[in-house]
Protein chains: 2
Amino acid sequence: MDCIIGVDIGGTDIKYGKFYGTVLIETRKTKTNKTDFGMHILSEVYTEIDDLTGTDNLIAIGMGVPGPVVDGFVLGAQNLGWKGLPVKELIRAHYPGIKVTVLNDANAATIGEMMFGGGQGYKDFVFITLGTGIGGGIIINKQLIEGTTGSGGEIGHLRVGFNNERLCTCGLYDCVEQYASATGVVKSANSYRLGRKTVLNEVEEVTSKIVFNAAESGDEVANEVVEEMVEKLATALSQVANTLNPEAFVIGGGVSKAGDFLLNKLSKRFKELAFFSVRDVKFELAKLGNEAGIYGNMYYVSKELNDEN
Amino acid sequence: MDCIIGVDIGGTDIKYGKFYGTVLIETRKTKTNKTDFGMHILSEVYTEIDDLTGTDNLIAIGMGVPGPVVDGFVLGAQNLGWKGLPVKELIRAHYPGIKVTVLNDANAATIGEMMFGGGQGYKDFVFITLGTGIGGGIIINKQLIEGTTGSGGEIGHLRVGFNNERLCTCGLYDCVEQYASATGVVKSANSYRLGRKTVLNEVEEVTSKIVFNAAESGDEVANEVVEEMVEKLATALSQVANTLNPEAFVIGGGVSKAGDFLLNKLSKRFKELAFFSVRDVKFELAKLGNEAGIYGNMYYVSKELNDEN
């Protein structure tokens, strides 16, 4: 039977999905081998793809990578050790005659959420993934905005403070991901809990999940941490809305597991901070979790297949 | 002969351009009659259009208005006194059988600059007009991003400070137009020059033109004003670039007459503030001045005519 394989390469894991049409048949996860500047990654991916395909007929591979991509060329992926790499060409050389697409990972997840998740029914929306960092993707008129150098939707590096408080891994100060990612929330919590009475001082290691649970149970310090997170994220989203005037924000990633508790606060503060004519934005939770990437990559390559026929 | 008329309705003037094909044959300017909530504006526009058309054959009208527009419906135009008004329908009822388009004024100017001005040759760019306020328009893949409620590209209301220093006309604080529009530059100048030795204290009324001329001649206070303007505008543009990753910024409006003196400072500071992978953006001056709107409206309606045939 014809099958399509969606691959989502991350800095820690590689996720695979095997599809018949758009139906997910099997998933798999392997560790990302980052030795030797990531030079073994693609060959290991080929082995898994072949094994997953088995006796089926592989017709397309859609791959997502953690870095900017222009026309299938990966400009760089720090987390993998890759400098510029013509990934699409390499895969096509290995699998002649098979359709291949390569996308940025956040963009792939955005497409997944558009077609099968929280973005369904919206023509214009912005996907924000709150994980270790903050990623994003933009859909306008049902089309992905990839950006001139493959970096459309770098929402995580919007600046939300001017006091040079927190240095970001990107070299700039006070990017929103320093406050509203899982890492950012923990950073705030570790500063706010010092010398105060809070359940955050009764756990071995603070996580963003613990912070949100504590806040929901009424812990004062945890609520201050959440308020700061909401303030900074709402500020960033108001900037995005002033620029793009989208219909919806779709929020995913680990931190989004805080669910409506987070979404209600966020949408309330957003409305106060955004320009009056762009305030009416829906807030949705992402629905596909870790599978958004494989779904998005599958859909993107399927669409290219269909457009061809 | 067949003619197309581009109309650009502003809060002070209405500008008209009569075109044979894309060639501008005649321009005209009238005062905007804002009495009675702007209810006379359209009928006065019809009179001018008829007069301009003369014995030619009017085939299309492209109109720009200072407010958000969705599918030819103007959601509101404060400067004209208009609440929601089905402008496209009204014009079509008055001119049956004639092609009509209605755009937001900044968006029309953006299209003008794309086709005939500073945006020529770019697929993805953002137009910023620095006038009394700050307007903007976004082109991605040669298409205008109008926004869900007609407010795409509201660059002027990006927030560039968190100390609630300057209240904006929109009700929020520290929007970039409070610092980088002509009005904003004058506001800064009037504060910075107090009690100091500067040519800005030797003129009857400070204008942004005087400030930029003084800065270029080495006046210290004027240079501080320009530095602040550049800092705030570069901050806003870095946010736009992190979101959209465009090829170019095209800068127009009265303040842009400061030319390369402004552009060089702006592009230098922008590169320091933007995320590393979106830094490589060209800065261009707009070329059409006050005629960008009539050109853009003409082009937009011509395109609809051609797409139909």
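Residues numbered from 1 in each chain as written. Chains lettered and ligands numbered in written order. Predicted model: local features only at pLDDT ≥ 70, side-chain atom pairs only at ≥ 80, totals over all residues.

Participant: Please provide a residue-by-residue account of the overall build of chain A, values included.
Facilitator: Scanning chain A for helices and strands turns up 10 helices and 12 strands. Whereas a compact globule of 309 residues would reach a radius of gyration of roughly 19 Å, chain A reaches 20 Å, a difference of no more than 12%. For chain A, buried positions account for 52% of its 309 residues. Counting only contacts in chain A whose residues sit at least 6 apart along the sequence, the fraction spanning at least 24 positions is 63%. (Helix = DSSP H or I, 4+ residues; strand = E, 2+ residues; numbered from the N terminus. Rg over C-alpha atoms; globule rule 2.2 N^0.38 Å. Buried ≥ 20, exposed ≤ 12 C-beta atoms within 10 Å, placed from the backbone. Contact = placed C-beta atoms within 7 Å.)

Participant: Can you explain the pairing of strand 4 (residues 57–65) of chain A? Please cite residues and give values.
Facilitator: Residues and elements named next belong to chain A. As paired strands, strand 1 (residues 2–9) and strand 4 are joined by 7 bridges and run parallel to one another. Bridge pairing in strand 4 links G6 to G62. By the bridge criterion, 6 bridges tie strand 4 to strand 7 (residues 99–104) in an arrangement that is parallel. By the bridge assignment, G64 is partnered in strand 7 with L103. (Pairing = 2+ DSSP bridges.)

Participant: Can you tell me about the domain arrangement of chain A, naming the residues and giving the values?
Facilitator: For an interface, size is often stated in terms of accessible area lost upon the parts coming together. Residue and element names in this part refer to chain A. Segmenting chain A into domains produces domain 1 (2–110 + 290–308) and domain 2 (121–286). A separation of 28 Å is found between the C-alpha centroids of domain 1 and domain 2. Facing the 10 residues of domain 1 at the interface are 14 residues of domain 2. Among the elements of the structure, strand 5 (69–70) and helix 4 (105–116) are those that each provide at least two residues to the side of domain 1 that touches domain 2. For the side of domain 1 that touches domain 2, the element with the highest residue contribution is helix 4, accounting for 4 residues. Looking at the side of domain 1 that touches domain 2, its residues break down into 7 nonpolar, 3 polar and no charged. (Domains from an automatic or database assignment. Nonpolar A, V, L, I, M, F, W, Y, C, P; charged D, E, K, R; others polar.)

Participant: Can you tell me about the packing of helix 7 (residues 208–216) of chain B against helix 8 (residues 220–244) of chain B, naming the residues and giving the values?
Facilitator: Residue and element names in this part refer to chain B. Between helix 7 and helix 8, the shortest axis-to-axis distance is 8 Å and the interhelical angle comes to 115°. With respect to each other, helix 7 and helix 8 are oriented roughly perpendicular. Crossing of helix 7 against helix 8: the hand is left-handed. For the pair formed by helix 7 and helix 8, the contact residues are V211, F212, A214 and A215 on the first element and A222, N223, V225 and V226 on the second. (Axes fitted to C-alpha atoms, helices over the stretch in contact; angles between N-to-C directions. Parallel < 35°, antiparallel > 145°, perpendicular 65-115°, else oblique. Left-handed = near helix turned anticlockwise from the far one by under 90°.)

Participant: Could you give me a rundown of the relation of the copies chain B and chain A, with the residues and numbers involved?
Facilitator: With an RMSD of 0.0 Å, chain B superimposes on chain A once it is rotated by 180° and translated 0.0 Å along the axis. Each copy turns onto its partner about a two-fold axis. A share of 100% of the interface residues of chain B reappears at the interface of chain A, consistent with the copies meeting face to face through the same patch. (Least-squares fit on C-alpha atoms with pLDDT ≥ 70 in both.)

Participant: Lay out the interface of chain B and chain A with the relevant residues and their values.
Facilitator: Of the residues lining the interface, 33 residues belong to chain B; the matching set on chain A comes to 33 residues. A per-element tally of the side of chain B that touches chain A places helix 8 of chain B first, with 6 residues. Classifying every residue of the side of chain B that touches chain A by side-chain character gives 13 nonpolar, 15 polar and 5 charged.

Participant: So what's going on with the environment of G133 of chain A? Residues and values would help.
Facilitator: Residue and element names in this part refer to chain A. Relative to the helices and strands, G133 resides in the loop between strand 8 (125–130) and strand 9 (134–140). You can call G133 buried: it has 23 C-beta atoms within 10 Å. For G133 and G153, which are 20 residues apart along the polypeptide, the C-alpha to C-alpha distance reads 13 Å. In this view, G133 contacts G156, E177 and S181; residues no more than four positions away in its chain are not counted.

Participant: Residues and numbers for the sheet that holds strand 4 (residues 57–65) of chain B, please.
Facilitator: Residues and elements named next belong to chain B. Judged by pairing direction, the sheet is mixed, and its 5 strands sit side by side in the order 3-2-1-4-7 without closing on themselves. At either end of the open sheet lies a strand with only one pairing partner, and these are strand 3 (23–31) and strand 7 (99–104). Ignoring strand direction, the axes of neighbouring strands in this sheet form an average angle of 15°. Lying over the sheet, helix 4 (residues 105–116) contacts strand 1 (2–9), strand 4 and strand 7, oriented at roughly 105° with respect to strand 7.

Participant: Hey, could you go over unusual backbone geometry for me, with residue numbers and the actual values?
Facilitator: Residue and element names in this part refer to chain A. Phi is positive for K142, which is not a glycine, with a value near 65°. Mapped onto the elements of the fold, K142 is located in the loop between strand 9 and strand 10 (143–144). In the Ramachandran plot, D174 falls in the positive-phi region, its phi being about 60° despite a non-glycine side chain. The topology assignment puts D174 in the loop between strand 10 and helix 5 (177–180).

Participant: Can you break down the sheet that holds strand 11 (residues 248–252) of chain B residue by residue, with the values?
Facilitator: Residues and elements named next belong to chain B. Reading across the sheet, the 5 strands line up as 10-9-8-11-12 and stay open at both edges, with mixed pairing between neighbours. Edge positions in the open sheet fall to strand 10 (143–144) and strand 12 (282–285), since each of these has one partner strand only. As judged from the 2 bridges shared by strand 9 (residues 134–140) and strand 10, these two strands associate in the antiparallel manner. In the sheet register, I139 faces strand 10, and the bridge partner there is L144. Contacting strand 8 (125–130), strand 9, strand 10 and strand 11, helix 4 crosses the sheet at an angle of about 55° to strand 9.

Participant: Lay out the confidence of the model for chain A in plain terms, naming residues and giving numbers.
Facilitator: The predicted model of chain A averages 96 in pLDDT, with 100% of residues at 70 or higher. In the predicted complex, the global pTM is 0.93; the interface-specific ipTM is 0.92. (pLDDT = per-residue confidence, 0-100.)

Participant: Residue-level account of the nonpolar core, with values.
Facilitator: In terms of nonpolar packing, the biggest core is built from 188 residues, with V211 of chain A together with V211 of chain B touching the most fellow members. Setting aside residues no more than four positions away along its own chain, V211 of chain A makes contact with V185, A189, L200, V206, A222, V225 and V226 of chain A. (Core = buried A, V, L, I, M, F, W, Y, C linked by C-beta atoms within 7 Å.)

Participant: Run through helix 7 (residues 208–216) of chain A, naming residues and quoting values.
Facilitator: Residues and elements named next belong to chain A. All of the buried residues along helix 7 are S208, I210, V211, F212, A214 and A215. The secondary structure elements touched by the buried residues of helix 7 are helix 6 (182–192), helix 8 (220–244) and helix 9 (260–273). Phi for G218, located one or two positions after helix 7, is positive at around 95°.

Participant: An account of the packing of helix 8 of chain B against helix 9 (residues 259–273) of chain B is requested, with residue identities and associated values reported.
Facilitator: Residue and element names in this part refer to chain B. It is the contact of helix 8 with helix 9, at a shortest axis distance of 8 Å, that shows an interaxial angle of 50°. Put simply, helix 8 runs oblique to helix 9. Crossing hand, helix 8 versus helix 9: right-handed. Residue-level inspection shows V230, E231, L233, A234, T235, L237 and S238 of helix 8 in contact with helix 9, the latter providing K265, L266, R269, F270 and L273. Taken together, the residues that form the contact of helix 8 with helix 9 break down as 7 nonpolar, 2 polar and 3 charged.

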